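Remarks on the overall topology
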Amino acid sequence: NRIEQSCLMLRLIELNQEDIDVYEQIYSEIKKPILSFWLDDITLYILTIILKLLHKNNINIEEATVGCIGIEVGTLRLTRLLSKLGCYRVLGYDINDSMMLRFENQNGLGTTMENILSNADIIILFKGPFGQEEFQFMRPGQFIVSMIKDTAIDKETFLDKGIRDYIYFDKTKVSTLTPGLIRGLIDTGRESIDDWNIIELAKKMQKVMLDGYEFPDIFTNIHDIISDLMSFK
């Protein structure tokens, strides 16, 4: 509150907090535009990947089971957003029991890693390790979205297993979106991007996303496109 008067907006990079309530308390008390790397950028990008993947493969979200391995603050919001979109089977696993409880508070279903790897249609790897022991539980026809940079299993091995698609998500890719999100917040006079705005924005952005699940690079007009897409009704 002391610094907001001297700022045009605030940008949260890392709070070292696992509780989504801490972030949302800050959002409610700060009266300047605010954007979080983990709660907004990461969540928006992954949700857009999921919507693009579903559309590309003609899968209804109501029929899909999403599994999250490793629970972060972004995982919590993503789970809530998927529930609002009609995805009622969002499974999650983390070795931290408190994170499992927070996950279930966002309408997720806490379970074992084995159950996720055996039953989820879309598996999101937020945290490792991930190796041969986990790999053996997977089945053909699944989709993998991985944020793990170094795994014992490479893309070719996943595809040889019968995985329908393997998408490596490097979190530095969100830098493509950030300038447009910041400009859109400031231009529209909004203080934050709420859940339904995130959902609406992800639906628009999946039409802009390329087939490789990336956005046009920063030397295109992608910043203007993202900013314009934030003109919510």
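Our subject in this report is the structure included herewith. Please read these numbers as outputs of a predicted model, since none were measured by experiment.

The subject of this paragraph is the overall build of the chain. Each helix and strand in the chain was counted, giving 10 helices and eight strands. Here the C-alpha radius of gyration of the chain, 18 Å, is about what a compact globule of 233 residues would show, namely 17 Å. Based on the C-alpha atoms only, the size of the chain along its principal axes is roughly 55 × 40 × 30 Å. Going through the 233 residues of the chain one by one, you find that 51% of them count as buried. Contacts spanning at least 24 positions in sequence make up 63% of the contacts within the chain whose residues lie at least 6 apart. Here the chain has roughly 11100 Å² of accessible surface; of this, 49% comes from carbon and sulfur atoms. One finds the centroid of the 25 positive side-chain charges in the chain at a distance of 5 Å from the centroid of its 35 negative side-chain charges.

The subject of this paragraph is the nonpolar core. By size, the foremost hydrophobic cluster in this structure holds 64 residues, and its most contacted members are Ile 46, Leu 47, Leu 82, Ile 122, Ile 124, Phe 169 and Leu 181. For this core, the leading source of residues is helix α2 (residues 37-56), giving 13 residues. With 17 residues, the next largest nonpolar core counts Leu 117, Phe 130, Ile 153 and Ile 163 among its residues.

For the rest of this paragraph, the subject is the pattern of salt bridges. Considering all chains together, one arrives at 12 salt bridges under this definition. The partner of Arg 80 in a salt bridge is Glu 24, and the shortest N-O contact between them spans 2.8 Å. Here Glu 24 lies in helix α1 (residues 20-29) and Arg 80 lies in helix α3 (residues 73-85), a separation of 56 residues in the sequence. Judged by its relative accessible area of 15%, Arg 80 falls in the buried class. Across the pair Arg 77 and Asp 40 runs a salt bridge, and its minimum N-O distance is 2.7 Å. Of the two residues, Arg 77 sits in helix α3 while Asp 40 sits in helix α2, which places them 37 residues apart along the sequence.

Within the open sheet, the six strands sit side by side as β5-β4-β3-β6-β7-β8. Their pairing is parallel. With partners counted over all chains shown, the strands left at the sheet margins are β5 (109-110) and β8 (165-168), one partner each. Across the sheet, α2 touches β6 (122-125), β7 (143-146) and β8, and the angle it forms with β6 is around 155°.

This paragraph deals with the pairing of β7. Alternating positions in β7 separate into two faces, Phe 143 and Val 145 on one and Ile 144 and Ser 146 on the other, with burial throughout. Looking at chain direction, β6 and β7 are connected through four bridges and run parallel. Bridging across to β7, Ile 124 finds its partner in Val 145. Pairing geometry for β7 and β8, over four bridges, is parallel. Note on β8: the bridge partner recorded for Val 145 is Ile 167. On the question of chirality, the crossover connecting β7 to the parallel β8 by way of helix α7 (residues 155-160) is right-handed.

Okay, the pairing of strand β4 (residues 89-93) next. Across five bridges, strand β3 (residues 65-69) lies against β4 in parallel orientation. Its bridge partner being in β4, Ile 69 is matched across the sheet by Tyr 93. One crossover worth recording links β3 to the parallel β4 by way of α3, and it is right-handed. The pairing of β4 with β5 spans two bridges and is classified as parallel. Considered in β5, the bridge of Leu 91 is made with Leu 109. The β-α-β motif built from β4, the intervening helix α4 (residues 97-105) and the parallel element β5 has right-handed crossover chirality.

What counts and what doesn't
- Per chain, residue numbering runs from 1 following the sequence as it is written.
- With pLDDT at 70 or above as the cut-off, local features in this predicted model cover only qualifying residues; side-chain atom pairs require 80 or more to be listed or tallied, and sums for whole chains, interfaces and linings still use all residues.
- The side-chain values count all of the structure's non-hydrogen atoms but skip hydrogen atoms and water molecules.
- The helix and strand labels rest on DSSP assignments: H or I over at least four residues marks a helix, E over at least two residues marks a strand, and numbering proceeds from the N terminus.
- Put simply, the radius of gyration uses C-alpha atoms, and a globule should come to 2.2 Å times the residue count raised to 0.38.
- Burial status follows relative accessibility: with a 1.4 Å probe on protein chains alone, a residue under 20% of its type maximum counts as buried, one over 50% as exposed, and anything between as partly exposed.
- When checking whether two residues touch, look at their non-hydrogen atoms; a contact exists if any pair is within 4.5 Å.
- Working definition of accessibility: Shrake-Rupley area with a 1.4 Å probe, residue cover restricted to the visible protein chains.
- Neither His nor the chain ends contribute to the count of charged residues, in which Lys and Arg are positive and Asp and Glu negative.
- Taken as the charge centre is NZ of Lys, CZ of Arg, CG of Asp or CD of Glu, depending on the residue.
- We define the nonpolar core as a collection of buried residues of types Ala, Val, Leu, Ile, Met, Phe, Trp, Tyr and Cys that are connected through side-chain atoms lying within 4.5 Å of one another.
- Just to be clear on terms, a salt bridge is a Lys or Arg side-chain nitrogen sitting within 4 Å of an Asp or Glu carboxyl oxygen.
- For two strands to pair, DSSP has to find at least two bridges joining them.
- Angles here are taken between N-to-C directions and fall from 0 to 180 degrees, while the axes themselves are lines fitted to C-alpha atoms, restricted in helices to the stretch in contact.
- Call a crossover right-handed when, viewed with both strands pointing away from you, the route from the first strand across the helix to the second goes clockwise.

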